[in-house]
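Take a look at the letters that make up each chain.
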Amino acid sequence: MFIVTLRFSANKAEAARHMDGHNAWIRRGFGDGVFLLTGSLPGGAGGAVLAHNISRDDLDARLREDPFVAEKIVDADILEITPGRVDDRLAFLQG
């Protein structure tokens, strides 16, 4: 499982131009069953993605397909987590 933060860079002003492509990328991530959650970071700092059911290499490739990453509008930081103890509602993450 991965937590990805997408923090705006100095190129943030270009975000509006690529928002449709970024949103399509997010929809594809949910449609493929990889993204469990996306959301905004406080203060307009960027966004975050919770991803599972994907290897690190495949996640890196998927991130390169995000127009925000490709156009250097955001810097992606990836934190990998191996779930140990989880609430019963999240047991599927231990698979």
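Residues numbered from 1 in each chain as written. Predicted model: local features only at pLDDT ≥ 70, side-chain atom pairs only at ≥ 80, totals over all residues. Heavy atoms only, no water.

A. Layout of a nonpolar patch on the surface. Nonpolar side chains collect at one region of the surface, where Leu-36, Leu-37, Leu-90 and Phe-92 lie side by side and expose about 340 Å² of accessible area between them. Note on placement: Leu-37 falls in strand S2 (residues 35–40). Among the residues examined, Leu-37 registers a relative accessible area of 46% and is labelled partly exposed. (Patch = residues over 30% accessible without salt bridge, like charges linked within 9 Å, V, L, I, M, F, W, Y side chains within 5 Å. Areas by Shrake-Rupley, 256 points an atom, 1.4 Å probe, with all protein chains shown as cover. Salt bridge = Lys/Arg side-chain N within 4 Å of Asp/Glu carboxyl O. Helix = DSSP H or I, 4+ residues; strand = E, 2+ residues; numbered from the N terminus. Buried < 20%, exposed > 50% of the residue type's maximum accessible area, 1.4 Å probe, protein only.)

B. Broad picture of the pairing of S2. Of the pairings in the sheet, the one linking S2 to strand S3 (residues 46–51) comprises five bridges and is antiparallel in character. Among the inter-strand pairings, Thr-38 is bridged to a residue of S3, identified as Val-49. From the end of S2 to the start of S3, which pair antiparallel, there are five residues, and Gly-43 there has a positive phi angle of about 70 degrees. (Pairing = 2+ DSSP bridges.)

C. Representation of the side chain of Asp-66. Along the chain, Asp-66 turns up in the loop between helix H2 (56–64) and helix H3 (67–70). For the buried Asp-66, no salt bridge is present, and the opposite-charge side chain at shortest range is Arg-28, 7.7 Å distant. If we ignore the near neighbours within four places in the chain, the residues touching Asp-66 are Leu-6, His-22 and Trp-25. (Lys, Arg positive; Asp, Glu negative; His and termini not counted. Contact = heavy atoms within 4.5 Å.)

D. Spatial organisation of the layout of surface pockets. Its boundaries defined by the atoms lining it, the largest pocket holds a volume of some 210 Å³. Listing elements by their share of the lining of the largest pocket, those giving two or more residues are strand S1 (2–8), helix H1 (15–31), S2 and S3. In terms of residue count, S3 provides more of the lining of the largest pocket than any other element does, four residues in total. For the lining of the largest pocket, the per-class residue count stands at eight nonpolar, six polar and no charged. (1 Å grid on protein atoms, 1.4 Å probe; cavity = no way out; pocket = protein on both sides within 12 Å on 5 of 7 lines; lining within 4 Å. Points joined across faces, edges and corners; volume = space filled by probe spheres on them. Nonpolar A, V, L, I, M, F, W, Y, C, P; charged D, E, K, R; others polar.)

E. Representation of the side chain of Arg-62. Structurally, Arg-62 is set in helix H2. Apart from residues lying up to four places away in sequence, Arg-62 is in contact with Trp-25, Arg-28, Gly-29, Asp-32, Val-34, Phe-35 and Ile-54.

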